[in-house]
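# Coordinate inspection notes
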Amino acid sequence: MDRNFFALSLGLAGLILLPGLGHAQDNQCGPHDAVAAALSSKFGEQSHAMGLAEDNTVMELYAAPQTGTWTLTVTLPNGMTCLVAAGNNFETLSPQVARGAPT
């Protein structure tokens, strides 16, 4: 239930955020390879993380650690990739071990 709610929330957030993306220009969706190439050539961003939702959409986080820019995309089962959010000050964090958890 919680995972479905999260997936629905992410989709709703994407619909809300799509009109105001910083990196986006005229087209906010396109073939995955074209979107990845554009993020690489325009911003120096490469894929740093990805996840698969239950509805077979793929979320990817692209980032350029040198400049700090980042872009969150969602790729639909039909291969179309859409920009969901973008920003600055990307930072890679080390995983934290919960207190009291076995190591």
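To be clear, the structure that these remarks concern was listed above.
Residues numbered from 1 in each chain as written. Predicted model: local features only at pLDDT ≥ 70, side-chain atom pairs only at ≥ 80, totals over all residues. Heavy atoms only, no water.

### A look at the pairing of strand β5 (residues 80-87)
Burial analysis of β5 places six of its eight residues in the buried class, which makes it a mostly covered element. Note that strand β1 (residues 29-31) and β5 share three bridges and pair antiparallel. Bridged to Cys-29 within β5 is Cys-82. Here six bridges tie strand β4 (residues 69-75) to β5, and the two strands are oriented antiparallel to one another. If you follow Leu-72 over to β5, its bridge partner there is Ala-85. In textbook terms, the turn of a hairpin is the stretch between consecutive antiparallel strands, and for β4 and β5 this stretch comprises four residues, one of which, Gly-79, has a positive phi near 95°. (Buried < 20%, exposed > 50% of the residue type's maximum accessible area, 1.4 Å probe, protein only. Helix = DSSP H or I, 4+ residues; strand = E, 2+ residues; numbered from the N terminus. Pairing = 2+ DSSP bridges.)

### Describing the sheet that holds strand β3 (residues 58-64)
Read across the sheet, five strands follow the order β1-β5-β4-β3-β2 without closing on themselves; strand pairing throughout is antiparallel. Bordering the open sheet on either side are β1 and β2 (46-52), each of which pairs with just one other strand. Direction aside, neighbouring strands of the sheet carry axes that sit 30° apart on average. As paired strands, β2 and β3 are joined by six bridges and run antiparallel to one another. Paired with Ala-49 across the bridge in β3 is Leu-61. Relative to β1, helix α2 (residues 32-43) is tilted by about 110°, and along the sheet it contacts β1, β2, β3, β4 and β5. (Axes fitted to C-alpha atoms, helices over the stretch in contact; angles between N-to-C directions. Contact = heavy atoms within 4.5 Å.)

### So, the state of the cysteines
Per the counting criterion, the structure on display carries one disulfide. Residue pairing for Cys-29: its cysteine sulfur links by disulfide to Cys-82, the two sulfurs lying 2.1 Å apart. Here the S-S torsion is close to 110°, and the disulfide linking Cys-29 with Cys-82 is therefore right-handed. Taken together, the residues span a long stretch of sequence, with Cys-29 in strand β1 and Cys-82 in strand β5 at a distance of 53 residues. On the basis of relative accessibility, which here comes to 35%, the residue Cys-29 falls in the partly exposed class. Classification of Cys-82 by relative accessible area gives buried; the value is 14%. (Disulfide = S-S within 2.5 Å.)

### Notes on α2
In a regular helix each residue adds 1.5 Å, so 12 residues correspond to 16 Å; α2 covers 16 Å between its end C-alpha atoms and thus fits that length. Buried-residue contacts for α2 involve β1, β3, β4 and β5. After α2 finishes, the residue Gly-44 shows a positive phi value of roughly 70°. (Expected span 1.5 Å × (residues − 1).)

### Remarks on the side chain of Thr-81
Its location among the elements puts Thr-81 in strand β5. Within polar-contact distance, the side chain of Thr-81 engages the side chain of Thr-75 at 2.8 Å. (Polar contact = N/O pair within 3.5 Å; in protein donor to acceptor, adjacent residues only side chain to side chain.)

### Thoughts on the nonpolar core
The biggest cluster of nonpolar side chains holds five residues, and these are Val-35, Ala-36, Leu-39, Tyr-62 and Leu-83. Broken down by element, the residue count for this core peaks at three residues, all from α2. When residues no more than four places from it in sequence are discounted, the contact partners of Val-35 are Gly-30, Thr-73, Thr-81 and Leu-83. (Core = buried A, V, L, I, M, F, W, Y, C linked by side-chain atoms within 4.5 Å.)

Worth remembering: the numbers are spatial, not functional.
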